[in-house]
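# Descriptive analysis of the structure
Chain by chain, the residues run as shown.
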Amino acid sequence: MDQDWKHWGPLAERYQKPGPRKMLALDGGGMRGVITLEILLALEQKLAAQSGRGEEFCLAEFFDYIGGTSTGAIIATGLARGMKVAELQDFYFRCGENMFDRARLFDMYKQLYKKEPLIEELHKVYGAESTMQPEHLETLLLVVMKNVTTDSPWPISSNPWAKYNEPNRADQNSRIPLWKIVRASTAAPVFFPPEVIEWDPNNHDKTFVFVDGGVTPFNNPAFQMYKMATIPEYRLGWPTGEKNLLIVSVGTGIAPSDEVIKSPEISIAHTIKTLPPDLMFAIQVEQDVNCRTIGRCSYGVEIDRELGDMIPRNNGVPISLNEDTGKQFLYVRYNADISKKHLAELAIEGKNAKHVKDIDKASAIPDLRTVGQDAAKSVSLDHLGSFSKHWSTVRGIRS
């Protein structure tokens, strides 16, 4: 493909400019996306104050590439379209009950919830006709889903130079409506029915069935975003290095299981409901470790007692971010502690504590906000090093 800037349309001016690049990666986790939003709100407020733009500021002005999986895809897509965090919070608070609307009784052997309420809300938020093409976005966007037909992860990028965004392709990724891509990324097995997408209406072989990206290795999409931004095959080729590339990764809560399964009968019932979140938990930890290995972690809670937090230290003291340690990117990982012990410290106990860990309980929103606000106390622009002083020019599709 000819890497002509004309394919970037109204985004060309922004991305032609050299300089450090900044990426935001958002985990999956159902209603626990409310936790993510509280962390992002703190980050947005701090960056807004530093930018001097106040209420006019949105995260798409700072981040050059925003990606997400499942609930992270809902948030990432809204942010990439120039929405403020408060607008996305309103979406979750207003529509949480509708998103998890129980399926009819005779359909519940297939899935627990109906897809139509979420589709209706996604139409309202993104517009029924909006796509991944540059005129519909303020910044680059990545959404992760799983293609069941081919049994493979599909990270879909809005990068105009990407192979499957070539303008002459009948199956061009960026022509698919945003709501369909996000709906596919959120189709958690057991909870929601799959999403069928016709990539090329004239070719039946290009019709695929999709489920939640959280059951791929990229429930935490941070490391995949690093690859898609830097390796030649993905055609962006952004420079690597601690001063050239920043990845901020935000999770939806982490904790070991507090339950002990005592009988095979309970195990079967328990597994059916908890398999998706259990997979998401394991996958997000693995990708977090990948990022801390290849990148330089400036903030992140302890992974385990053997690895610790993997923040570079000299005689036990964190090395200054002014000193380059030779890693491929600077990495920040924000997440929330949703262990039974910590929830009790936040005065969230009993059934409420259990619902915080579920991915489908809209009734837990007040407690999820409490957890998120607690986690947001860790947000600091110091973790971003020199990147917090670099800003991008956006065109403002919302004006």
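Position labels on residues start from 1 in each chain and follow its written sequence. Owing to the predicted nature of the model, reporting of local features is limited to residues with pLDDT of at least 70; listing and counting of side-chain atom pairs is limited to 80 or more, with chain, interface and lining totals taken over all residues. Calculation of side-chain values draws on the structure's entire complement of heavy atoms; hydrogens and water are dropped beforehand.

## Some thoughts on the environment of Thr69
We apply this condition: The numbering of helices and of strands both runs from the N terminus, where a helix is a DSSP run of H or I of at least 4 residues and a strand a run of E of at least 2. Residue contacts are defined here by distance: any two heavy atoms, one from each residue, within 4.5 Å place the two residues in contact.
Looking at the element boundaries, Thr69 is found in strand β2 (residues 65-69). If we ignore the near neighbours within four places in the chain, the residues touching Thr69 are Leu26, Asp27, Gly28, Val144, Ser185, Asp212, Gly213, Gly214, Phe218, Asn219 and Pro221.

## Some details on the pattern of salt bridges
Inclusion rule: We define a salt bridge as a side-chain nitrogen of Lys or Arg found within 4 Å of a carboxyl oxygen belonging to Asp or Glu. In this scheme, a residue with accessible area under 20% of its type's maximum is buried, one over 50% is exposed, and one in between is partly exposed, where area comes from a 1.4 Å probe on protein chains only.
One pass over the structure, following the stated rule, counts 21 salt bridges. For Asp171, the salt bridge identified is with Lys206, shortest N-O distance 2.8 Å. Of the two residues, Asp171 is situated in the loop between β4 (152-157) and α6 (178-185) and Lys206 in the loop between β5 (195-198) and β6 (207-212); the sequence distance between them amounts to 35 residues. Exposure remark for Lys206: the relative accessible area of 24% places this residue in the partly exposed category. Of the charged contacts, one joins Lys354 and Asp358 as a salt bridge, the two residues approaching to 3.6 Å between their closest N and O atoms.

## Considering the packing of helix α2 (residues 33-51) against helix α11 (residues 365-376)
Two quantities define a packed helix pair, namely the angle between the helix axes and the distance between the axes. Cut-off, in case you're wondering: Axis definition: a line fitted to C-alpha atoms, limited for helices to the stretch in contact. Angles are taken between N-to-C directions and run from 0 to 180 degrees. Any angle that falls under 35 degrees is termed roughly parallel, while one over 145 is termed roughly antiparallel, one within 65 to 115 roughly perpendicular, and all others oblique. Crossings are classed by handedness, with left-handed meaning an anticlockwise turn of the near helix from the far one by less than a right angle and right-handed meaning a clockwise turn. Residue classes follow a fixed rule: Ala, Val, Leu, Ile, Met, Phe, Trp, Tyr, Cys and Pro count as nonpolar, while Asp, Glu, Lys and Arg count as charged, and any other residue, Gly among them, counts as polar.
Axis separation between α2 and α11 bottoms out at 8 Å; the angle between their running directions is 40°. Relative to α11, the element α2 lies oblique. Read as a crossing pair, α2 and α11 show a hand that is right-handed. Facing Val34, Ile35, Glu38, Ile39 and Ala42 of α2, the residues of α11 in contact are Ile365, Leu368, Arg369, Val371, Gly372, Gln373, Ala375 and Ala376. The class makeup of the residues in the contact of α2 with α11 is 9 nonpolar, 2 polar and 2 charged.

## Looking at the side chain of Asn220
Quick note on the threshold: Any pair of N or O atoms that falls within 3.5 Å is considered a polar contact. Within protein, one atom must be able to donate a hydrogen and the other to accept it, and sequence-neighbouring residues count only if both atoms are side-chain atoms.
Locating Asn220 in the fold gives a position in the loop between β6 and α7 (222-230). Exposure remark for Asn220: the relative accessible area of 0% places this residue in the buried category. In this structure the side chain of Asn220 is engaged in a polar contact, spanning 3.4 Å, whose partner is the backbone oxygen of Gln284.

## Thoughts on the pairing of β4
The criterion, for reference: One bridge is not enough; two strands pair if DSSP finds at least two bridges between them.
Across 6 bridges, strand β3 (residues 140-147) lies against β4 in antiparallel orientation. Counted as the bridge partner of Val143 is Ile156 from β4. Counted between consecutive antiparallel strands, the loop separating β3 from β4 contains 4 residues, among which Asp151 sits at a positive phi close to 55°.

## Some words on α6
Residues three or four positions apart in an α-helix share a direction because the helix packs 3.6 residues into each turn. Within α6, 7 of the 8 residues are buried, which leaves the element mostly enclosed by the surrounding structure. Here α6 has its buried residues at Leu178, Trp179, Ile181, Val182, Arg183, Ala184 and Ser185.

## So, the nonpolar core
Just so we agree on the cut-off: As used in this record, nonpolar core signifies buried Ala, Val, Leu, Ile, Met, Phe, Trp, Tyr and Cys residues forming a set joined through side-chain atoms within 4.5 Å.
Among the nonpolar cores identified, the biggest contains 75 residues, and Leu79 and Val248 are the most heavily contacted of them. With 10 residues, α2 is the largest single contributor of residues to this core. With residues up to four places along the chain from it excluded, the contact list for Val248 reads Met23, Leu24, Ala25, Leu43, Phe63, Val332, Tyr334 and Leu384. One finds Leu140, Ala229, Leu245 and Tyr331 within the second-largest nonpolar core, a separate group that totals 27 residues.

## Overview of the state of the cysteines
This is how it is decided: What counts as a disulfide here is a pair of cysteine sulfur atoms lying within 2.5 Å.
Under the criterion given, the structure shown has 0 disulfides. No disulfide involves Cys297; its sulfur sits 9.4 Å from the nearest other cysteine sulfur, which is in Cys291. On the basis of relative accessibility, which here comes to 1%, the residue Cys297 falls in the buried class.

## Brief notes about the pairing of β2
What counts is decided by this rule: When the strands point away from the viewer and the connection leading from the first strand across the helix to the second strand turns clockwise, the crossover is called right-handed.
The element β2 is largely enclosed, with a buried count of 5 among its 5 residues. Alternating positions in β2 separate into two faces, Tyr65, Gly67 and Thr69 on one and Ile66 and Gly68 on the other, with burial throughout. Tracing the backbone out of strand β1 (residues 21-26), into α2 and back to the parallel element β2 gives a crossover that is right-handed. Pairing between β2 and β3: 5 bridges, direction parallel. Pairing of Gly67 across the sheet is with Leu142, part of β3.

## Side note on the packing of α2 against helix α3 (residues 71-80)
Close contact between α2 and α3 brings their axes to 9 Å; oriented N to C, the two are set at 35°. Taken as a pair, α2 and α3 cross one another with a handedness that is right-handed. Here Gly33, Thr36, Leu37 and Leu40 of α2 come into contact with α3, specifically with Thr71, Ile75 and Leu79. Its residues assigned to classes, the contact of α2 with α3 shows 4 nonpolar, 3 polar and no charged.

## Some points on unusual backbone geometry
Although it is not a glycine, Arg235 sits at a positive phi angle of roughly 70°. As for its placement among the helices and strands, Arg235 is situated in the loop between α7 and β7 (245-250). Arg235 gets classed as partly exposed once you look at its relative accessible area, which sits at 22%. Here the phi dihedral of Asn315 falls at roughly 55°; this positive angle occurs in a residue that is not glycine.

## Considering helix α10 (residues 350-357)
Put simply, the test is: Directions are taken from the helix axis to each C-beta atom, and the arc is the one they span.
Along α10, the positions that sit buried rather than exposed are Ala353, His355 and Val356. For α10, the angular spread of buried residues about the axis comes to 165°, placing them on one side. Facing away from the buried side of α10 by more than 90 degrees, the exposed set consists of Gly350 and Lys351. The inward-facing, buried residues of α10 contact α9 (340-345) and α11.

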